[in-house]
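Residue-level structural notes
Read off the chains here:
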Amino acid sequence: MTYVRAAALSELEDDTPKRVELDGTPVSLVRTEGEVFAINDICSHANVSLSEGEVEDCSIECWLHGSSFDLRTGKPNGLPATRPVPVYPVKIEGDDVLVSVTQES
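Keep in mind that what you see is a predicted model, and the values were worked out from it rather than measured.

What follows is about the overall build of the protein. Assigned secondary structure in the protein consists of zero helices and ten strands. Reading the protein from its N terminus to its C terminus gives the helix and strand order β-β-β-β-β-β-β-β-β-β. Evaluated residue by residue, the protein yields a buried proportion of 47% over its 105 residues. Contacts spanning at least 24 positions in sequence make up 39% of the contacts within the protein whose residues lie at least 6 apart. About 5,500 Å² of surface is accessible on the protein, with carbon and sulfur atoms providing 42% of the total. Averaging the coordinates of the 8 positive side-chain charges in the protein and doing the same for the 19 negative ones gives two points 5 Å apart.

Any two side chains of opposite charge can pair if their charged atoms end up close together. In this structure the tally under the stated criterion is six salt bridges. For Asp96, the salt bridge is made with Arg5, and the minimal N-O distance between the two is 2.7 Å. With Asp96 in strand β10 (residues 96-99) and Arg5 in strand β1 (residues 4-8), this residue pair connects regions lying 91 residues apart in the sequence. A salt bridge links Glu93 to Lys91, with the nearest nitrogen and oxygen atoms 3.9 Å apart. On the basis of relative accessibility, which here comes to 34%, the residue Lys91 falls in the partly exposed class.

Soluble globular proteins tend to pack their nonpolar side chains together in the buried interior. Residues Ile39, Cys43, Leu50, Ile60, Phe69 and Leu71 are the most contacted members of the largest nonpolar core, which totals 15 residues. Ala7, Leu9, Val97 and Val99 belong to the second-largest nonpolar core, a separate cluster that totals 14 residues.

This part is about the UniProt feature "domain: Rieske" (unreviewed entry) in the protein. If you check UniProt for "domain: Rieske" (unreviewed entry), the listed places come out as residues 4-99 in our numbering. In residues 4-99, helix accounts for 0% and strand for 44%; the two terminal C-alpha atoms are 5 Å from one another.

A sheet is described by the order of its strands in space; here four strands give the open sequence β2-β3-β4-β8, paired in antiparallel fashion. Of all strands in the sheet, those with a lone pairing partner are β2 (18-22) and β8 (87-88), marking the two edges. Both strand β4 (residues 35-40) and β8 contribute to a ladder of two bridges, which runs antiparallel. Bridge assignment links Ile39 to a residue of β8, and that residue is Val87.

Quick look at the pairing of β4 now. Within β4, five of the six residues are buried, which leaves the element mostly enclosed by the surrounding structure. Taken together, strand β3 (residues 25-32) and the strand that follows it, β4, pair antiparallel across an intervening segment of two residues, in which Glu33 is found at a positive phi of about 50°.

Conventions and cut-offs
- Residues numbered from 1 in each chain as written.
- Predicted model: local features only at pLDDT ≥ 70, side-chain atom pairs only at ≥ 80, totals over all residues.
- Heavy atoms only, no water.
- Helix = DSSP H or I, 4+ residues; strand = E, 2+ residues; numbered from the N terminus.
- Buried < 20%, exposed > 50% of the residue type's maximum accessible area, 1.4 Å probe, protein only.
- Contact = heavy atoms within 4.5 Å.
- Areas by Shrake-Rupley, 256 points an atom, 1.4 Å probe, with all protein chains shown as cover.
- Lys, Arg positive; Asp, Glu negative; His and termini not counted.
- Charge placed at Lys NZ, Arg CZ, Asp CG, Glu CD.
- Salt bridge = Lys/Arg side-chain N within 4 Å of Asp/Glu carboxyl O.
- Core = buried A, V, L, I, M, F, W, Y, C linked by side-chain atoms within 4.5 Å.
- UniProt positions renumbered as here; feature names shortened; annotations may be inferred.
- Pairing = 2+ DSSP bridges.

What follows is the structure, encoded as structure tokens:
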């Protein structure tokens with residue numbers, strides 16, 4: 001598993017997604033509930049950016065149709081989405097947020 005620097009921890013605001021691209025993969029970084037999560041930035045239902053949505057209760061909501069995805073698992077919390085989105089391992093080293101997109105979890 002190869003980790004790459006995605007952002008500085010100090011750049012991430014609580015409950016505010018930040019879109020980054022890592023090795024050609026669009027990723028939404030989310031700092032919430034004292035943790036940092038990395039989830040694929042593309043909604044499995046409508047092919048739109050999840051980082052434009054809202055974060056609540058460790059989930060991110062797609063702004064277009066309201067599908068919500070668990071930041072820990074990528075599984076949808078309700079319709080209209082039925083397929084999960086990939087989530088990626090995160091490590092924090094000092095102020096660096098490192099993410100591995102080489103192996104999905």
